[in-house]
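# Structural description and commentary
Single-letter residue listing:
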Amino acid sequence: MYKKISVIDLQKAIQSQITDKTGLRCFDFVEKNTPSPFYFIEFIGKQPNDTKTMFRESFSFYIHSIAEPADSSVGIYKLIQQLDDALSEDVKLSAEFDLIRQVNNGVLNIKTDETNEKHTVSEFVFDVCYGYKIK
């Protein structure tokens, strides 16, 4: 029997890495009137991704970047770059799990919120291995 990573533990590891590498907070819940800039993480789903030799799951997250209100897009572009840099290194998991793959699927959209804050959504996928199959 193998132990699976909880979504909570994986999400905390991602949030911690974003906060440590960017210096900005990464929330899983944003209260009204939270001052920007910040990041917001949203769990999208998971699916089995076993291979012939490994027990694996793929976890998908949307990470929102919220820039300070501005007429220019420079602020949001800086946040996108900081996020890309922060997650260019593998997220650190506890020793019982192996991060096999970490994929940045890019920016899905850029919009301006009603508060005049620029807002982007980026998708990231994390493949976690729980153990190896033995015959």
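Heads up: the structure comes first, above all this text.
Quick look at the structure, then. (Residues numbered from 1 in each chain as written. Predicted model: local features only at pLDDT ≥ 70, side-chain atom pairs only at ≥ 80, totals over all residues. Heavy atoms only, no water.)

## Thoughts on the nonpolar core
If you look at the biggest cluster of nonpolar residues, it comprises 26 residues, and the most contacted ones within it are Ile14, Ile63 and Leu93. Put simply, the parts of the chain that give this core at least two residues each are helix H1 (7–22), strand E2 (38–48), strand E3 (54–66), helix H2 (74–86) and strand E5 (118–132). Excluding its chain neighbours within four sequence positions, the residues that come into contact with isoleucine 63 are Ile14, Ile18, Tyr39, Phe40, Ile41, Leu83, Leu87, Thr120, Val121, Ser122 and Phe124. (Core = buried A, V, L, I, M, F, W, Y, C linked by side-chain atoms within 4.5 Å. Buried < 20%, exposed > 50% of the residue type's maximum accessible area, 1.4 Å probe, protein only. Helix = DSSP H or I, 4+ residues; strand = E, 2+ residues; numbered from the N terminus. Contact = heavy atoms within 4.5 Å.)

## A closer look at the pairing of strand E4 (residues 98–112)
Pairing geometry for E4 and E5, over 11 bridges, is antiparallel. Within E5, the residue paired with leucine 99 across the bridge is valine 128. From the end of E4 to the start of E5, which pair antiparallel, there are 5 residues, and asparagine 116 there has a positive phi angle of about 70 degrees. (Pairing = 2+ DSSP bridges.)

## Quick notes on the pairing of E2
With 2 bridges connecting them, strand E1 (residues 26–27) and E2 associate as parallel partners. Bridged to cysteine 26 within E2 is tyrosine 39. Relative to E3, E2 runs antiparallel, the two being bridged by 10 bridges. Across the sheet, the residue bridging to glycine 45 is serine 60, located in E3. The turn linking E2 back onto E3 is made up of 5 residues.

## Thoughts on the sheet that holds E2
One open sheet accounts for 5 strands, arranged E1-E2-E3-E5-E4; its pairing is mixed. Only two strands of the sheet have a single partner each, and these edge strands are E1 and E4. In the packing of H2 onto the sheet, contacts are made with E2, E3, E4 and E5, and the angle to E5 comes to roughly 10 degrees. (Axes fitted to C-alpha atoms, helices over the stretch in contact; angles between N-to-C directions.)

## Digging into the environment of lysine 12
In this structure, lysine 12 sits in helix H1. Overall, lysine 12 belongs to the exposed group, its relative accessible area being 54%. Remark: the alpha-carbon pair of lysine 12 and phenylalanine 27, spanning 15 residues in sequence, is separated by 9.8 Å.

## What to know about the environment of isoleucine 8
Its location among the elements puts isoleucine 8 in helix H1. Judged by relative accessible area, which is 57%, isoleucine 8 ranks as exposed.

## Some thoughts on H2
For H2, with 13 residues, the first-to-last C-alpha span of 18 Å sits near the 18 Å given by 1.5 Å per residue. Turning to H2, its buried residues are Ile76, Leu79, Ile80, Leu83 and Ala86. Across the axial projection of H2, the buried residues extend over an arc of 130 degrees, all falling on one side. Against H1, E2, E3, E4 and E5 lie the buried residues of H2. (Expected span 1.5 Å × (residues − 1). Arc of directions from axis to C-beta.)

## Re the side chain of glutamine 102
Within the secondary structure layout, glutamine 102 lies in strand E4. Judged by relative accessible area, which is 17%, glutamine 102 ranks as buried. At 2.8 Å, the side chain of glutamine 102 forms a polar contact with the backbone oxygen of leucine 87. A polar atom in the side chain of glutamine 102 sits 2.9 Å from the backbone nitrogen of valine 91. Once residues within four sequence positions are removed from consideration, glutamine 102 is found in contact with Leu87, Glu89, Asp90, Val91, Val125 and Phe126. (Polar contact = N/O pair within 3.5 Å; in protein donor to acceptor, adjacent residues only side chain to side chain.)

In short, geometric facts, not functional conclusions.
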